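# A structural walkthrough
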Number of protein chains: 2
Amino acid sequence: MNLSVELDRSDPVPLYFQVARQIEAAIVEGRLRPGARLDNELVLAEQLRLSRLTIRRAIQHLVDKGLLVRKRGVGTQVVHGQVKRAATLTSLYDDLVKSGQQPTTQVLKIDLVPAPAEVADALGISEGRQVLALERLRSTQDGPLAIMRNWLPASLAELTTEQLEQRGLFQLLRSNGVHLRVASQQIGASNATTAEARLLGENRGAALLTMVRTTYDDVGRAVEYGRDSYRASRYTFEMTLVDR
Amino acid sequence: MNLSVELDRSDPVPLYFQVARQIEAAIVEGRLRPGARLDNELVLAEQLRLSRLTIRRAIQHLVDKGLLVRKRGVGTQVVHGQVKRAATLTSLYDDLVKSGQQPTTQVLKIDLVPAPAEVADALGISEGRQVLALERLRSTQDGPLAIMRNWLPASLAELTTEQLEQRGLFQLLRSNGVHLRVASQQIGASNATTAEARLLGENRGAALLTMVRTTYDDVGRAVEYGRDSYRASRYTFEMTLVDR
DNA sequence: TATGATATGTTGTCTATACAATTCAGCCCA
DNA sequence: TGGGCTGAATTGTATAGACAACATATCATA
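Residues numbered from 1 in each chain as written. Chains lettered and ligands numbered in written order. Predicted model: local features only at pLDDT ≥ 70, side-chain atom pairs only at ≥ 80, totals over all residues. Heavy atoms only, no water.

## Details of the domain arrangement of chain A
You can read the domains of chain A as domain 1 (15-78) and domain 2 (83-238). The gap between the C-alpha centroids of domain 1 of chain A and domain 2 of chain A is 38 Å. (Domains from an automatic or database assignment.)

## Describing the protein's contact with DNA strand C
Surveying the vicinity of DNA strand C reveals 26 residues, the closest of which are Leu15, Thr54 and Arg72 of chain A together with Arg52 and Gly73 of chain B. Backbone sugar and phosphate groups make up 69% of those atoms of DNA strand C lying within 4 Å of the protein. At a separation of 2.7 Å, a sugar or linking oxygen of DNA strand C approaches a polar side-chain atom of arginine 72 of chain A. A distance of 3.0 Å is found between a base oxygen of DNA strand C and a backbone nitrogen or oxygen belonging to glycine 73 of chain B. Counting only elements with at least two residues in the surface near DNA strand C, the list comes to helix 1 (15-28) and helix 3 (52-64) of chain A together with helix 3 (52-64), strand 1 (68-71) and strand 2 (75-78) of chain B. By residue number, the principal contributor to the surface near DNA strand C is helix 3 of chain A, which donates four residues. (Near = heavy atom within 4 Å. Polar contact = N/O pair within 3.5 Å; in protein donor to acceptor, adjacent residues only side chain to side chain. Helix = DSSP H or I, 4+ residues; strand = E, 2+ residues; numbered from the N terminus.)

## A short note on the protein's contact with DNA strand D
For DNA strand D, the set of nearby residues contains 26 residues, the closest of which are Arg52 of chain A together with Leu15, Thr54, Arg57 and Arg72 of chain B. Within 4 Å of the protein, the contacting atoms of DNA strand D are drawn from sugar and phosphate to the extent of 69%. A distance of 2.8 Å separates a phosphate oxygen of DNA strand D from a polar atom in the side chain of arginine 57 of chain B. For DNA strand D, a sugar or linking oxygen lies 2.8 Å from a polar atom in the side chain of arginine 72 of chain B. Sorting the residues of the surface near DNA strand D by element identifies helix 3, strand 1 (68-71) and strand 2 (75-78) of chain A together with helix 1 (15-28) and helix 3 of chain B as the ones contributing at least two each.

## Some details on the pairing of strand 5 (residues 143-153) of chain A
The side chains of a regular strand alternate between the sheet's two faces. Residue and element names in this part refer to chain A. Within strand 5, 10 of the 11 residues are buried, which leaves it mostly tucked inside the rest of the structure. Direction of pairing for strand 4 (residues 130-140) relative to strand 5: antiparallel, over a ladder of 10 bridges. Across the sheet, leucine 132 pairs through a bridge with leucine 152, a residue of strand 5. Connecting the antiparallel pair strand 4 and strand 5 is a turn made up of two residues. In this structure, strand 5 lies alongside strand 8 (residues 222-231), joined through six bridges in antiparallel fashion. When the bridges of strand 8 are listed, arginine 149 appears paired with arginine 227. (Buried < 20%, exposed > 50% of the residue type's maximum accessible area, 1.4 Å probe, protein only. Pairing = 2+ DSSP bridges.)

## With respect to the packing of helix 2 (residues 41-48) of chain B against helix 3 of chain B
Residue and element names in this part refer to chain B. Where helix 2 meets helix 3, the closest approach of the two axes is 8 Å, and the angle between their N-to-C directions is 110 degrees. Relative to helix 3, the element helix 2 is oriented roughly perpendicular. The element helix 2 and its partner helix 3 pack so that their crossing is right-handed. Where helix 2 approaches helix 3, its residues Glu41, Leu42, Leu44, Ala45 and Leu48 are matched on the opposing element by Arg52, Ile55, Arg56 and Ile59. A per-class count over the contact of helix 2 with helix 3 returns six nonpolar, no polar and three charged. (Axes fitted to C-alpha atoms, helices over the stretch in contact; angles between N-to-C directions. Parallel < 35°, antiparallel > 145°, perpendicular 65-115°, else oblique. Left-handed = near helix turned anticlockwise from the far one by under 90°. Contact = heavy atoms within 4.5 Å. Nonpolar A, V, L, I, M, F, W, Y, C, P; charged D, E, K, R; others polar.)

## Thoughts on helix 2 of chain B
All names here are of chain B. Taken together, the buried positions of helix 2 are occupied by Glu41, Leu44, Ala45 and Leu48. Looking straight down helix 2, one finds that the buried residues subtend no more than 100 degrees of arc, so they occupy a single side. In helix 2, the exposed positions that point more than 90 degrees away from the buried face belong to Leu42 and Glu46. In this fold, the buried residues of helix 2 make contact with helix 1, helix 3 and strand 1. N-cap assignment for helix 2: the residue whose side-chain oxygen lies 2.9 Å from the backbone N of leucine 42 is asparagine 40. Directly after helix 2, the chain includes arginine 49, whose backbone phi takes a positive value near 55 degrees. (Arc of directions from axis to C-beta.)

Following this line, the structure appears as structure tokens:
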């Protein structure tokens, strides 16, 4: 099995990542079929003039992605299945852009308000403290998609309607030097209220997919509490479950 | 910062995992606070008489879990946030058992049927081929929770009503030597049909959280196509999003 | 006082090596 | 023919060491 992996040692991209990337391309392009066995680690290391640990690192990256599976004593095989990306901290805006869907955003509300109990609790601040409350309608060329409500600590960033209509919220936060790191999210469902139904172009009572989320930065501060409602007729949340 | 990590080198549990486990316990028990800085890798390696790479391995395990964050040139810090487990291939049954909710299962249907187009497509078999079709109602002490519909290749395992009422499906498959590996899942929402509403004890039209899933084994065969509907009033899907 | 350069500290990547644990195929014996 | 044992093959864990890349603090100069 010849993989034709080509390495550029002057490239700043780490070698393990170059290997992983090229193995992944071979899988995606069908050169490596589901069930195909990779050469063993020692052979690959010799062929590519890399240390075995570098090869292991590349392979582990793809195992974590669900593309490869390893068995001690046997070897490494390609897994079947159109695997989705791991759940990561990207905003809906970025995802829609990436899938070519031309998102637009209408800012419905942008106010400094005293934090209600639930928001204060999630953000780890005292109730009544000022927070920036946002409500936005996200649409694509096919019509309205989601209502997004976010509460941010007031001191975090100065956001304008214009900014929010041009770029995703997480993108704006990142541009303001906020290092988003991890979020805890609950996915649920609810029946559309009259107001929601009107905004989203659905019937009152239509099923909506809901997400409630607290996002933290890299030193652990809560930087966003969000409540999103999506038209279930237009949106599902796709994910990969991996047995590790 | 003294972590009091104790290693048992005769334990079959790998050293990196022992270290990771104990750091995690320190975080969970509050001995390591959000924002706290760990000793650097070299110091930890010296203190614990381990190689630096073993320490890195332990730390990376916790970084992947969202508990720690690393910055080149600075160090490693504890992340804030009640982090949920990574999305993994566990069945609802196992999750409910683990959370002490005493699940019960009523098998509504267990038939060999010709595979409809959607099922055949997901399982990678020809339409009309025999598949095992299951429909079950999962309840807890608080009442019905979810309707679960699964389609399995007929040859995969022989399952009885008794087995399905006593244990989770994935558990049964694993007991039959099936190595579940990865699943592709779409989470959505729908309005309860009359039949669903009656089974779940909700009103007709109530919002249900839905999951459509194809599960693959470790050599890439599709081993299950599932369609689950949960009472949104009783269930949310919790997950962690990590920025990597 | 502000800016740029340098030094220090720490993680990131990579090499080389060795032993352990598991899997599978083949062989032998009852 | 079936079960058990052995050896080969391969991944899993761990050690030791080195250099690179980035972040931050400190120092020097204008």
